[in-house]
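# Residue-level structural notes
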Amino acid sequence: MWTLVLNCGSSSVKFALLNPASGEVRLSGLAERLGAPEASVRLERDGQRTTHALRGGAYAEAFDVLLAELDTLGVRSEVSAVGHRVVHGGERFSAPARITADVLDAIRACVPLAPLHNPANLSGIEAARAAFPGVPHVAVFDTAFHQTMPDVAYRYAVPEAWYTRHGVRRYGFHGTSHAFVAAEAAALLGRPLAELNLVTAHLGNGSSVCAVQGGRSVDTSMGLTPLEGLVMGTRSGDVDPGLHDYLARQSGLTLSEITAALNRESGLLGLSNVASDMRELEAAAANGHAGARLAVDVFVYRLAKTVAGMAVALGRLDGLVFTGGIGENSATIRAATLRRLAVLSFEVDEAANAAAVRGQSGLITAGGVPALVVNTNEELSIARQTEEVLGHGA
Ligand code: ADP
């Protein structure tokens, strides 16, 4: 039996059909620019890629192409469940949930906390339930893993009523990835996850760090929204909360314009003024571009500072895990971060670090506290969680 994993954004659907037990991927793909005339869907199976134009370009057309492909493969009747990535589950969800009317209401109630993501997730779920009516659908939340954080980690020092009335607290994101790589790291280290105090660093276009104690999140760098914490591709990460008022007065920008710029024009892009993409920045920095150099240096400095802060949450550090596009591929960023973390005594194994790229995982230190590269697999994790909720026991 196969589990279909869906990640529905406002104009895209990422999907994968996989076996939760073996991890085998039968079909995967991405529908993009939904809602626009140039909407298309790209399918990949057996290493072959095909692209189809989508007339109309709504979720429903994307699912029609997917259904037709499942028929071609003869596996439509073998899809046993659909797992949906949902960004925000608020304080209500500390675990995945089978989708019912009540669960949909609860996801809707979290829309103010994730005004861009949750409405897209909801529209995707609605269209997917119409396309796959005969099977259970499960919501897997980005925030759920972090619901084990203690109040000292999740409360902001702001008026209590902001928390009780408006839910102003730290929630954290990337939970599926942090949970998955922590478990994989334990296997690589040959130690039970329950005994390990790990820091996991998910470094992609969005980046966050998590303190994982015995497999449970005890602190993370993202907060009320995915804007808090590390420097990211186009997101600023931490800034002084006084910035908004100051800049609004100085520049005449509105609060929403400032927030949009902090989300879309800041981070690596804002610092470098050339790119948000780490590969491009590393190349530009190597060619002597000062802005690119600064962007890389600030990224690394803030990352190292945040990792060191997470050691406070853990008391003892048994390992640092790198994942995400940057964490899995950039030996330079990893080495620079470990050098900055001299206080935690990592001994980088240069050869092992250089080799851990393009899908190669493993230890990258020769002594001291272990640092590892682990490839994240959010689709597989969502598929497994989906099957677990349904009691199919993956
Ligand atoms: P997303 O968060 O959108 O899922 P990814 O996890 O794929 O993104 O990460 C994208 C980031 O990974 C980009 O900044 C990209 O430049 C970076 N990246 C991918 N490969 C390399 C590489 N070989 N060296 C440095 N950075 C890389």
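Residues numbered from 1 in each chain as written. Predicted model: local features only at pLDDT ≥ 70, side-chain atom pairs only at ≥ 80, totals over all residues. Heavy atoms only, no water.

### With respect to the overall build of the protein chain
Of the regular secondary structure elements, the protein chain holds 15 helices and 16 strands. Taking 2.2 N^0.38 as the reference for a compact globule, 394 residues should give roughly 21 Å; the C-alpha atoms of the protein chain span a radius of gyration of 21 Å, in line with that estimate. Across its three principal directions, the C-alpha atoms of the protein chain cover 55 × 55 × 45 Å. Relative to its 394 residues, the protein chain shows a buried fraction of 49%. Total accessible area on the protein chain stands at roughly 17700 Å², and carbon and sulfur atoms take up 51% of it. (Helix = DSSP H or I, 4+ residues; strand = E, 2+ residues; numbered from the N terminus. Rg over C-alpha atoms; globule rule 2.2 N^0.38 Å. Buried < 20%, exposed > 50% of the residue type's maximum accessible area, 1.4 Å probe, protein only. Areas by Shrake-Rupley, 256 points an atom, 1.4 Å probe, with all protein chains shown as cover.)

### Considerations on the state of the cysteines
In this structure the tally under the stated criterion is zero disulfides. Left without a disulfide partner, C8 is nearest to the cysteine sulfur of C110, which lies 17 Å away. Taking relative accessible area as the criterion, C8 reaches 4% and is therefore assigned buried. C110 provides the cysteine sulfur closest to C210, a residue in no disulfide bond, and the two sulfurs are 19 Å apart. (Disulfide = S-S within 2.5 Å.)

### Details of the pairing of strand β3 (residues 25–32)
Here strand β2 (residues 13–18) pairs with β3 via six bridges, running antiparallel. Its bridge partner lying in β3, K14 is registered against L30. Pairing analysis gives five bridges linking β3 to strand β4 (residues 40–45), with the strands arranged antiparallel. Of the residues in β4, the one forming a bridge with S28 is E44. (Pairing = 2+ DSSP bridges.)

### Brief notes about the pattern of salt bridges
Two side chains with opposite charge may pair up if their charged atoms get near one another. As enumerated under the stated definition, the model contains 15 salt bridges in all. Of the charged contacts, one joins E44 and R49 as a salt bridge, the two residues approaching to 3.1 Å between their closest N and O atoms. Since its relative accessible area comes to 29%, E44 is described here as partly exposed. Between D318 and R316 there is a salt bridge, with the nearest N and O atoms lying 2.7 Å from each other. According to the relative accessible area criterion, R316 is partly exposed, its value standing at 43%. A single network of salt bridges, built from pairs that share partners, joins R170, D219 and E228. (Salt bridge = Lys/Arg side-chain N within 4 Å of Asp/Glu carboxyl O.)

### A few points about the site of the ligand
Every residue lining the ligand is accounted for by G204, N205, G206, D277, M278, R279, E282, G324, G325, I326, N329 and S330. Within the contact set of the ligand, an oxygen atom lies 2.6 Å away from a side-chain nitrogen or oxygen of D277. At 3.0 Å from an oxygen atom of the ligand is found a main-chain nitrogen or oxygen belonging to M278. Contact with the protein chains hides 69% of the accessible area of the ligand, taken as 580 Å² for the molecule alone. Only α10 (278–286) and α12 (324–329) provide two or more residues apiece to the shell around the ligand. (Near = heavy atom within 4 Å. Polar contact = N/O pair within 3.5 Å; in protein donor to acceptor, adjacent residues only side chain to side chain.)

Structural measurements only, silent on function.
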